[in-house]
Protein chains: 4
Amino acid sequence: MALTGVLRPGHVQLRVLDLAAAVKHYSQVLGLWETARDPQGRVYFKAWDEHDHHSVVLREAEAAGMDFMGFRVDSTATLKKLADNVKASGLATEMQWVEAGEMLKTGERFRFTTPTGHVIELYAEKEKVGNMMPLENPEVYPENLKGMSPTRFDHCLLYGDDLDGTVKLFTEVLGFKLAEQVVAGPDRLQIAAFLTCSNKPHDVAFIRHPEKNKFHHASFILDNWGEVLKAADIITRHRVSLDIGPTRHGITRGETIYFFDPSGNRNEVFSGGYIAYPDRPTLTWTDDELGRAIFYHDRKLNEAFLSVVT
Amino acid sequence: MALTGVLRPGHVQLRVLDLAAAVKHYSQVLGLWETARDPQGRVYFKAWDEHDHHSVVLREAEAAGMDFMGFRVDSTATLKKLADNVKASGLATEMQWVEAGEMLKTGERFRFTTPTGHVIELYAEKEKVGNMMPLENPEVYPENLKGMSPTRFDHCLLYGDDLDGTVKLFTEVLGFKLAEQVVAGPDRLQIAAFLTCSNKPHDVAFIRHPEKNKFHHASFILDNWGEVLKAADIITRHRVSLDIGPTRHGITRGETIYFFDPSGNRNEVFSGGYIAYPDRPTLTWTDDELGRAIFYHDRKLNEAFLSVVT
Amino acid sequence: MALTGVLRPGHVQLRVLDLAAAVKHYSQVLGLWETARDPQGRVYFKAWDEHDHHSVVLREAEAAGMDFMGFRVDSTATLKKLADNVKASGLATEMQWVEAGEMLKTGERFRFTTPTGHVIELYAEKEKVGNMMPLENPEVYPENLKGMSPTRFDHCLLYGDDLDGTVKLFTEVLGFKLAEQVVAGPDRLQIAAFLTCSNKPHDVAFIRHPEKNKFHHASFILDNWGEVLKAADIITRHRVSLDIGPTRHGITRGETIYFFDPSGNRNEVFSGGYIAYPDRPTLTWTDDELGRAIFYHDRKLNEAFLSVVT
Amino acid sequence: MALTGVLRPGHVQLRVLDLAAAVKHYSQVLGLWETARDPQGRVYFKAWDEHDHHSVVLREAEAAGMDFMGFRVDSTATLKKLADNVKASGLATEMQWVEAGEMLKTGERFRFTTPTGHVIELYAEKEKVGNMMPLENPEVYPENLKGMSPTRFDHCLLYGDDLDGTVKLFTEVLGFKLAEQVVAGPDRLQIAAFLTCSNKPHDVAFIRHPEKNKFHHASFILDNWGEVLKAADIITRHRVSLDIGPTRHGITRGETIYFFDPSGNRNEVFSGGYIAYPDRPTLTWTDDELGRAIFYHDRKLNEAFLSVVT
Ligand SMILES: [Fe+2]
Ligand SMILES: [Fe+2]
Ligand SMILES: [Fe+2]
Ligand SMILES: [Fe+2]
């Protein structure tokens, strides 16, 4: 199989301060579909075109932020092998197996903490529940979509301290490719890394930051720039807190808008971007062009984008 | 690396009746960039966002059609291994190595004929010439784009007799996945197969057809539905022969338009489509829904689409 | 006031064979809002951004087609004056005043038959019911839009015999301007006239045709080409009979799709087109370019478009 | 004729600090076509779909800003009549006739100063030079468009002190309609007025401001939201100073982006907006919703937008 190993970001578990408000946001504004609640009280969601049981899990907690991000791998054999490789790498800490079923409809997960302090999981099995259309003679999208209705959970951007270690772990152990990076200063210190395990321009990204384990945003993919405008209109109709957009990224070329869930976790919906291949040269941005790299049109960063993380 | 083996359709060589007219079409209408001409008189083109030296090669000949389609693999080691596997499979004929340089800026190619009679090549090396923008601090697209200016050559659709053999070769030997298929009659005979080696919904597709080695279309990818309209406008401005569109496919969900080069070879430009993963269930269409599968809006096939191949 | 006299197409009354099926089509597929039913059994609809009580009226009958089309004029004084002018012109027949209230929420209407046999009405008063949003601090569109949800009823295309007489009536008596026309043969006989009373490229259009009083289509305006695609998708989801599209008109430049209601009355939804001014030169198309004039991309007419009228 | 009296904004004359830089901006970035230069050194431009000789005139000067804005009226008779009415109104000052030819290809203009201190002209004649396509069997747009290539000059937004007087002049004397307004405080003082003389949501707008005769922006119309993105990309490619956007207005619903010419004059390109009619109710926004009224997504005003005028 030409797409092997780590296949995709499969889920993200977010902490929210008020579960009811969060459920309303993720279902009515973002337009995800609630698929389950578990005995712990967690609420599970999927985007409509995902076939797997869930991609977003919300947990009520005292502080917002990300509990962990999970990546689906191609098979149980790969899961074992990657777990061994992560252990052997000496780059991860707090490694453990989480038993099948701890997360609903999901097989056992290998969990570890990256050098930037983020909890990452690998797993090989999650129940297929379909994309709300038959597998034979389907339509092109389901009826009754609501809210922004992205097709898929796409990626997260995470902030942490030991960027070098995390990039090494993702590229050398997990098989990701550095699609784009930002370097700073005369020594060209890497301060941002956009990593892909697929044809998408990024599946996860990291920014160098003094604190460990910070969450910048979870991102969901839309079909096109017209859907970005519709998302912006929905943000205002629901009086959701807007961060920035509609605009375009220089990095990945994506068309984007950022906003906050009621707990202050940042969401992104976006469209576009190029088709990434392993042999496509890595693009590099220098910090004097950081504004244009992040917000191609404004060419400057807004304060909130840099400093507000959960 | 998570994307391994066969990476992508890397080139297609087409026969044209009048080279000058064809060069004008592929450069001014389609908007590819001419990158070279070789001593044989072949003309090489690339789409703007491809980094490799070329993806379309035109050769003047007595009859239109496709000489061969080439796929880029991830490494020389993979090339050797896949060549061995193809040989071992007993599914291919007329196998040969074409020496490096026979095609400009391209390493050695392993060539074989599929059960449907199509000549397919695998290769691991082609010179990178860039996408007309720097690798440091680029813009989001180059200036002076002309014509439809697709970002990439995307796939071909090919017609031939032994569909079963070719599908077996692509899935079992070359690592492709069957993303969608059409089946006919009470026995559900497979009459069309859409195959992917990536996150794209298809990288090559085959239709069951009485004759061997027929070419239906070469397709190029655009950014969005607005670009499909622009392509349609360009088709009329240049009085290019339109086949059908703008419309949408049921299969792949892509937004599309088909037209003919001056020699009668069919071209497609399209946008959209879902993100394919190896574990996404294969979609099946039945022949009574074939019209909607191919042209989602018209829900019937036009005569030319079915019968005109080169 | 700079926009005076005849302001706009205000309503069209259509005959349908099965009222329930028609109501479903106009409300769920087209996405109009039902605003009333009258003692005669007629059903009234408005598009969401119209402030007037209705723009489409359906009447169950033995044969499909258009009963009449009504134009709103700027005042009662203008209504009287235009009625006098129509009478004085000698161009209209079957002139009569229809009393206020015969059509719900609508003032008295001056009705006449054009030389092409179409029943046209002028009226000055219809109750304002708003566009479903407050007049103070509104949103940009209402929630819960369904179906294609055009913003307005835009125009009709009508077929009839004495095109010269009708064009004379609309331009010399009612103050319309000939925005575009089609002429045929060496004598350049006018065979189509696109007439505007506003900044829109057309408010009504007529085609020369052997029979009197035929109805080709009623058209509704969408925001953009992306909405035309969405309309096309809705057509297929509801298995509505498609005529042609998505495509573009050469005449008016509009982006368009045509389809049939369950009784065989043709509908159009479209977007785009230029801003028309009274001093903009009339555009002329010759019959050898008629295909491109009507369907800019196909450059040929489909049989149904020419011959199917109700 | 249903569209009578004042037809449209016909031209705006802007002062620029460096004519060469300005010409480059208006031709290559905005994408207007230079049509003439006059003995005074002024440079004339038109947008591609305007048939009149020019709509933008640049004059090199010590300070940026607007010299005057001109409106085309339907006839010489109307010009005389409106001039008389302006004189009789007592609302205008510094009234004068400017002789035909003082502005190239333009008939005599009646010039006056509004209560807000802006110089406004009315004229009835300007040479038609066409929209770069034939009047018989044209294409839908010309080839070789460059830059943002708006179809038309659309409106200006002007700042000045005596808003009441200017609104009275435009509505009671010149026949404009108040499409939307902003009111402030418990007394609902009108602080902004959006005025139309057509089906467009605005043809000119005024903001209450302590100084007389300030210029906020000249605006040009694009076809759609995709063109707004393209404009944003062009702004960055040419390193043009961006004010804000892409975004949407609450007022008019338009999709928009603002930027500055090299002299600091603000430009807007936008698309969309509703179809305005004289009987459409005036929309009112209160100052506590001013942010959303102006920038529907951000729901707050940026400092530059409010304070930077020329
Ligand atoms: Fe992101
Ligand atoms: Fe295709
Ligand atoms: Fe129409
Ligand atoms: Fe504006």
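Residues numbered from 1 in each chain as written. Chains lettered and ligands numbered in written order. Predicted model: local features only at pLDDT ≥ 70, side-chain atom pairs only at ≥ 80, totals over all residues. Heavy atoms only, no water.

### Some points on the coordination of the iron ion (ligand 3)
Those protein atoms acting as donors to the iron ion (ligand 3) are H155 of chain C (NE2), H217 of chain C (NE2) and E268 of chain C (OE), and they sit at 2.1 to 2.2 Å. Overall, E268 of chain C belongs to the buried group, its relative accessible area being 2%. (Donors = N, O, S within 2.8 Å, 3.2 Å for Na, K, Ca; no water. Buried < 20%, exposed > 50% of the residue type's maximum accessible area, 1.4 Å probe, protein only.)

### Some words on the coordination of the iron ion (ligand 4)
All names here are of chain D. For the iron ion (ligand 4), the full set of protein donor atoms is H155 (NE2), H217 (NE2) and E268 (OE), and the range of their distances to it is 2.1 to 2.2 Å. The sequence motif formed by the donor residues of the iron ion (ligand 4) is H-x61-H-x50-E. Note that H155 is positioned in strand β9 (residues 152-160) and E268 in strand β16 (residues 266-271), a separation of 113 residues in sequence. Take H155 and E268: they sit in the same class, and that class is buried. (Helix = DSSP H or I, 4+ residues; strand = E, 2+ residues; numbered from the N terminus.)

### Describing the domain arrangement of chain A
How big an interface is tends to be stated in terms of accessible area lost as the parts join. All names here are of chain A. Partitioning chain A into structural domains gives domain 1 (6-123) and domain 2 (154-307). With centres defined by C-alpha atoms, the gap from domain 1 to domain 2 works out at 20 Å. Contact with domain 1, which involves 37 residues of that partner, is made by 40 residues of domain 2. Between domain 1 and domain 2 we count zero salt bridges in total. Mapped by element, the contributors of at least two residues to the side of domain 1 that touches domain 2 are β1 (6-16), α1 (19-29), β5 (65-73), α2 (76-89) and β8 (119-123). Of the residues belonging to the side of domain 1 that touches domain 2, the class tally is 25 nonpolar, nine polar and three charged. (Domains from an automatic or database assignment. Contact = heavy atoms within 4.5 Å. Salt bridge = Lys/Arg side-chain N within 4 Å of Asp/Glu carboxyl O. Nonpolar A, V, L, I, M, F, W, Y, C, P; charged D, E, K, R; others polar.)

### As for the packing of helix α4 (residues 225-237) of chain A against helix α4 (residues 225-237) of chain D
At their nearest, the axes of α4 of chain A and α4 of chain D sit 9 Å apart, and the two run at 95° to each other. With respect to α4 of chain D, the axis of α4 of chain A lies roughly perpendicular. Every residue of α4 of chain D that contacts α4 of chain A at W225, G226 and L229 of chain A is listed here: W225, G226 and L229 of chain D. (Axes fitted to C-alpha atoms, helices over the stretch in contact; angles between N-to-C directions. Parallel < 35°, antiparallel > 145°, perpendicular 65-115°, else oblique.)

### Comments concerning the pairing of strand β12 (residues 204-208) of chain C
All names here are of chain C. Of all five residues making up β12, four are buried, and the element is well covered by its neighbours. Sheet analysis places strand β9 (residues 152-160) next to β12, joined by five bridges and oriented parallel. What sits directly across from L158, in β12, is F206. (Pairing = 2+ DSSP bridges.)

### A look at the sheet that holds strand β13 (residues 214-221) of chain A
All names here are of chain A. Reading across from one edge, β14-β15-β16-β13-β9-β12-β11-β10-β17 is the order of the nine strands in this open sheet, with mixed pairing throughout. Every interior strand has two partners, whereas the edge strands, β14 (242-248) and β17 (283-286), have only one. Neighbour-to-neighbour, the strand axes of the sheet open up by a mean angle of 15°, direction not taken into account. Contacts from helix α3 (residues 163-173) reach β10 (177-184), β11 (189-196) and β12 (204-208), with the element oriented near 25° to β11.

### Re the interface of chain A and chain C
The partner chain C presents 11 residues to the 11 residues of chain A that form the contact. A buried area of about 930 Å², summed over both sides, lies between chain A and chain C, and 37% of it is on carbon and sulfur atoms. Considering only the surface of chain A that becomes buried against chain C, E139, Y141 and R237 of chain A emerge as the three largest contributors, covering 61% of it. One salt bridge connects R239 of chain A with E139 of chain C, and the closest N-O pair in it is separated by 3.0 Å. Where chain A packs against chain C, one counts six residue pairs in polar contact (both at pLDDT 80 or more). Tallied by class, residues from the side of chain A that touches chain C come to three nonpolar, two polar and six charged. (Buried area = accessible area lost by both parts, 1.4 Å probe. Polar contact = N/O pair within 3.5 Å; in protein donor to acceptor, adjacent residues only side chain to side chain.)

### Digging into the sheet that holds strand β8 (residues 119-123) of chain B
Residue and element names in this part refer to chain B. The strand order across the open sheet built from eight strands is β2-β3-β4-β1-β5-β8-β7-β6, with neighbouring strands paired in mixed fashion. The open sheet has two edge strands, β2 (33-37) and β6 (93-98), and neither has a second partner. The mean angle between the axes of side-by-side strands here comes to 25°, regardless of whether they run parallel or antiparallel. Where strand β7 (residues 109-113) and β8 come together, five bridges link them in antiparallel fashion. Across the sheet, F112 pairs through a bridge with I120, a residue of β8. Taken strand by strand, helix α2 (residues 76-89) contacts β1 (6-16), β5 (65-73), β6, β7 and β8, and its axis lies near 160° from that of β6.

### Quick word on the relation of the copies chain A and chain C
Both copies of the chain are tied together by a single rotation about an axis and a shift running along it. The operation relating chain A to chain C is a screw motion whose rotation component is 180°, with 0.0 Å of axial translation and a residual RMSD of 0.0 Å. Taken together, the rotation and translation describe the operation of a two-fold axis. Proximity to the rotation axis, assessed at the C-alpha, singles out G226 of chain A in chain A; its C-alpha lies 3.6 Å from the axis. The overlap is high: 100% of the interface residues of chain A also sit at the interface in chain C, so the same surface is used on both sides. (Least-squares fit on C-alpha atoms with pLDDT ≥ 70 in both.)

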